[in-house]
Amino acid sequence: MLVQNEFFDLLVQEEKVILRTKKNGFPLKSFDSITREHPRLKISSFPILRKALTELEAEHIIGNWIPTIEIAIAADKMIAQLYINVSTKEFEENRQSILNQADKVLDDAGVIYGRTNLQDEPFKPGESITAAVGRKPQKGKDAVVSYIEIPERRPMIREDGSADYFEMNFVTPINQGDWLGEKTQAQEGIDGKDVLGNDLPARRGDDVKLYFDRKSVTDEQETDKVVLRASHGGALESIDGIISVGKQLIVSGDVGPETGSIKFDGSVVVLGTVIAGFSVNATGDISVEGNEGIINAKEIQSSEGDIYIKGGIFGGGLTIVEARGNIFVKHANNCKLYGKEVHVGLYLLGAEVIAESVFIDKNKGKIIGGKIEALYKIECAFAGNSHERKTILSAKGIDKEVMYMEIQEMAKSLKERQGIIEKLEQHALPFRNSGSLLKGPQAEAFEKMLETIESNRDAIVELDKEIQLGLRKIKQAVPAQIEVTREAYPGTIIQIGLKSSTLHAGAKGIFEIVDGVLNV
C-alpha cells in the first residue's frame, strides 16, 4: 500500500499501480505531491487518472511501479543515461548502496567503456545522470598537395601605375630532377568505441589526386610523401591545371640565316631577335628576349602557349603574331596580333588586333590607327590622334543565342562522326580478325577505313574542344566594354556589338550599351 486516505487507496500489484476510489473531490493537481514522494510511480495517462478519481468503488491501473535504477542507452550506443528513481531524502540516506546498485545495473547492461565516476555526479530527482560516454572515431587527415609556384604572366606595375614589359620572367627554366610538387599521404584515423565496448572503425583521410604529365614528370615515393620531379630539363608549363615540363629550345642569338625559320614541338626562347622574313612556330611558349624587338619578321606563332616579345614589333605590314594563349609586347607597329588576351605596354600603331580582350597601359598607352577587335574589352589611355587618324575600336560581345546554336550544330556533327566511327568499326572487325593475311585491294580498303576512323576521332577531339570553349565563353560572358582613360580623339570609331559611332569631338570614359543605346 502506497497511500490510504478518505478519497482513495493507492497500491502496487505486480509492478502495476492501482487506484481504488472511495470518495470524489480529490484535486488532480494535488496528485503531484504523491508522485514527488514516490519517484518510482510513473503515471501512464492523466486522462485515466482523472477518470479514476471520479469513479467510485472501481479499480483503475493508472501507471507502473518502475525500478529504482533504470538505464537508457542511445540508439548509436555512444551514451548511457542513468535514472535513479528515489527521493532526495532516500538518496542521501542510502547513497552508497544506491550507487553500488547503479554500478551493478550498468555492468549487467554491458556498459563497460567510458564510464563516469558516479560518486562525482550530482543527483536531482527526475533528472538523468550521464553514466558513460563513448569515443567517436576520428577521421584521418586528408592528403595535402602542393606544387611549384607558377609565376603569373602579367607585366610588373611600376609605382606610377604604368606597366613594365621589359622584365617579365616569361619562361621558368626547369632542370632535370627539380622539385615540381608533392603530396603528403592521407592519414589513418583513430578508431572509436561505444559504451558497450564495440570498436568503431575510423575513416582514412580523403585522398587528393596529383595532376601532372607522366611524359615529363616522375612521381617518386620519398618517406611519407609522393614527390614530383622533372624527368628532363625544359620549361615549366601548366595546362588546364596539369603540371608539366615542356621541351625547350634556346636560340642564343638571332633567328635568321644561321638558324633558318624554326619549327619546334615545345617552348622556344630567342635571346636575340627574329630577322626580317624569318618565322618561329612552336607548340609551347615563345619568348623573344632581344631589346631591339623584331622587324619585318614573317610569323611568330604558338599553337598552345603564350608569346612574349620584349622589345616590341615593327611589322612593316608583314608580321603576324598569333597565340592560342596571351600575347605580351612592349609596342606593336603595322602588324597583326591574334590571341586570347593582348597586353601592350606603350602603343599600337596601324595594327590589326583580334582577341578576347586588349589591354594597353591605362596611364599612357595609345592606339593610333588600325582596327582593334575584342570579344569582351578594350582599354587604353589614348585612342586616335590630333590628326583624326581613323582608329576603329570594336568590342563585339557574345550573342549567347547564336553561340548556343553553333554549339548545338557542333554537337550534332560530333554525334554524326561518332556514328560513322561505330559503323566503320563494325565493318573493320572482320578485317582486323584476318590480320596480316589481307593483301591487295582488301588491304588497301582496310587501311583507308582505319584512316577514316582516325580522322573522325581527331575531328571529334577538336569539336569537343570547341564545344567546351564555347560553353566557357557563355559562362564567363560579360557585357562588351571599351575604356579610354585620357582621350579618344575625333575620328575614332567606337563600336559595341552592332552599334557604332564616330567621334566628332574628344571623349573619354567607359563606352558600353546602356538601355539598348551606345553611350557615346
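Computed from a prediction, not measured in an experiment: that's the story for all the values here. (Residues numbered from 1 in each chain as written. Predicted model: local features only at pLDDT ≥ 70, side-chain atom pairs only at ≥ 80, totals over all residues. Heavy atoms only, no water.)

Turning to the overall build of the protein chain, a few remarks are in order. Regarding its fold elements, the protein chain presents six helices and 43 strands. For a compact globule of 520 residues, the expected C-alpha radius of gyration is about 24 Å, and the protein chain comes in at 42 Å, more than 25% above that figure. Viewed in the frame of its principal axes, the protein chain has a C-alpha envelope of about 120 × 75 × 50 Å. When contacts within the protein chain are restricted to residue pairs at least 6 apart in sequence, those whose partners lie at least 24 apart make up 42%. When the accessible surface of the protein chain is split by element, carbon and sulfur atoms take 50% of a total near 28,600 Å². Side-chain charges of the protein chain comprise 64 positive and 78 negative groups, with the mean position of each set lying 3 Å from the other. (Helix = DSSP H or I, 4+ residues; strand = E, 2+ residues; numbered from the N terminus. Rg over C-alpha atoms; globule rule 2.2 N^0.38 Å. Contact = heavy atoms within 4.5 Å. Areas by Shrake-Rupley, 256 points an atom, 1.4 Å probe, with all protein chains shown as cover. Lys, Arg positive; Asp, Glu negative; His and termini not counted. Charge placed at Lys NZ, Arg CZ, Asp CG, Glu CD.)

Spatial strand order, β12-β18-β19: three strands in an open sheet with antiparallel pairing. Where the open sheet ends on each side, the last strands, each with one partner, are β12 (173-174) and β19 (242-246). In this sheet, strand β18 (residues 234-239) lies alongside β12 in antiparallel orientation, the contact comprising two bridges. Within β18, the position partnered with Pro173 by the bridge is Ala235. (Pairing = 2+ DSSP bridges.)

Core analysis: the biggest nonpolar cluster contains 49 residues, and Val274, Leu337, Leu348, Val358, Leu393 and Ile482 have the highest contact counts within it. Not counting residues up to four positions away in its chain, the partners in contact with Leu337 are Ile313, Val321, Ile327, Ala332, Val342, Leu348, Glu352, Val353 and Ile354. (Core = buried A, V, L, I, M, F, W, Y, C linked by side-chain atoms within 4.5 Å. Buried < 20%, exposed > 50% of the residue type's maximum accessible area, 1.4 Å probe, protein only.)

Taking 1.5 Å of rise per residue, 37 residues should cover 54 Å, and helix α6 (residues 440-476) covers 54 Å from first to last C-alpha, within 8% of that figure. Listed in full, the buried residues belonging to α6 are Phe446, Met449, Ile453, Asn456, Ala459, Ile460, Leu463, Ile467, Gly470, Lys473 and Ile474. (Expected span 1.5 Å × (residues − 1).)

Strand order in the open sheet formed by four strands is β9-β13-β17-β16, with antiparallel pairing between adjacent strands. Edge positions in the sheet fall to β9 (144-147) and β16 (217-222), since each of these pairs with one other strand and no more. In this sheet, adjacent strand axes meet at a mean angle of 20° when their direction is disregarded. When β9 meets strand β13 (residues 179-184), the two strands line up antiparallel, connected through four bridges. Residue pairing across strands places Val145 opposite Lys183, the latter belonging to β13. (Axes fitted to C-alpha atoms, helices over the stretch in contact; angles between N-to-C directions.)

Our next topic: the pattern of salt bridges. Tallied over the full model, the rule gives 25 salt bridges. The partner of Lys139 in a salt bridge is Asp142, and the shortest N-O contact between them spans 3.3 Å. For Lys139, a relative accessible area of 37% corresponds to the partly exposed category. Since its relative accessible area comes to 37%, Asp142 is described here as partly exposed. Between Glu379 and Lys377 there is a salt bridge, with the nearest N and O atoms lying 3.5 Å from each other. A single network of salt bridges, built from pairs that share partners, joins Lys139, Asp142, Arg203 and Asp206. (Salt bridge = Lys/Arg side-chain N within 4 Å of Asp/Glu carboxyl O.)

For the rest of this paragraph, the subject is unusual backbone geometry. Positioned with a positive phi, Glu14 is a non-glycine residue whose angle comes to about 50°. Structurally, Glu14 is set in the loop between β2 (8-13) and β3 (16-21). A positive phi angle, close to 55°, is found at Asn296, a residue other than glycine.

Moving on to the state of the cysteines. Applying the stated criterion across every chain, the model contains zero disulfides. The closest cysteine sulfur to the non-disulfide-bonded Cys380 is located on Cys335, 16 Å from its own sulfur. (Disulfide = S-S within 2.5 Å.)

Secondary-structure assignment places Thr391 in strand β37 (residues 391-395). Judged by relative accessible area, Thr391 falls into the buried class, the value being 0%. A polar contact is formed between the side chain of Thr391 and the backbone nitrogen of Gly369, at a distance of 2.7 Å. With sequence-adjacent residues up to four places away left out, Thr391 is seen in contact with Ile367, Ile368, Gly369, Gly370, Gly384, Gly491, Thr492 and Ile493. (Polar contact = N/O pair within 3.5 Å; in protein donor to acceptor, adjacent residues only side chain to side chain.)

Now for helix α4 (residues 95-108). Its 14 residues place the ends of α4 20 Å apart at the C-alpha level, agreeing with the 20 Å of an ideal helix rising 1.5 Å per residue. The inward-facing, buried residues of α4 contact β6 (69-73), β7 (79-84), α3 (88-93) and β8 (129-133). Residue Gly110 follows α4 closely and has a positive phi angle near 85°.

Before going further, it helps to spend a moment on the pairing of β3. Across six bridges, β2 lies against β3 in antiparallel orientation. Bridging across to β3, Leu11 finds its partner in Ile18. Between the antiparallel neighbours β2 and β3 lie two residues, among them Glu14 with a positive phi of about 50°. Here five bridges tie β3 to strand β5 (residues 59-65), and the two strands are oriented antiparallel to one another. Looking at the pairing, Arg20 lines up with Glu59 of β5.

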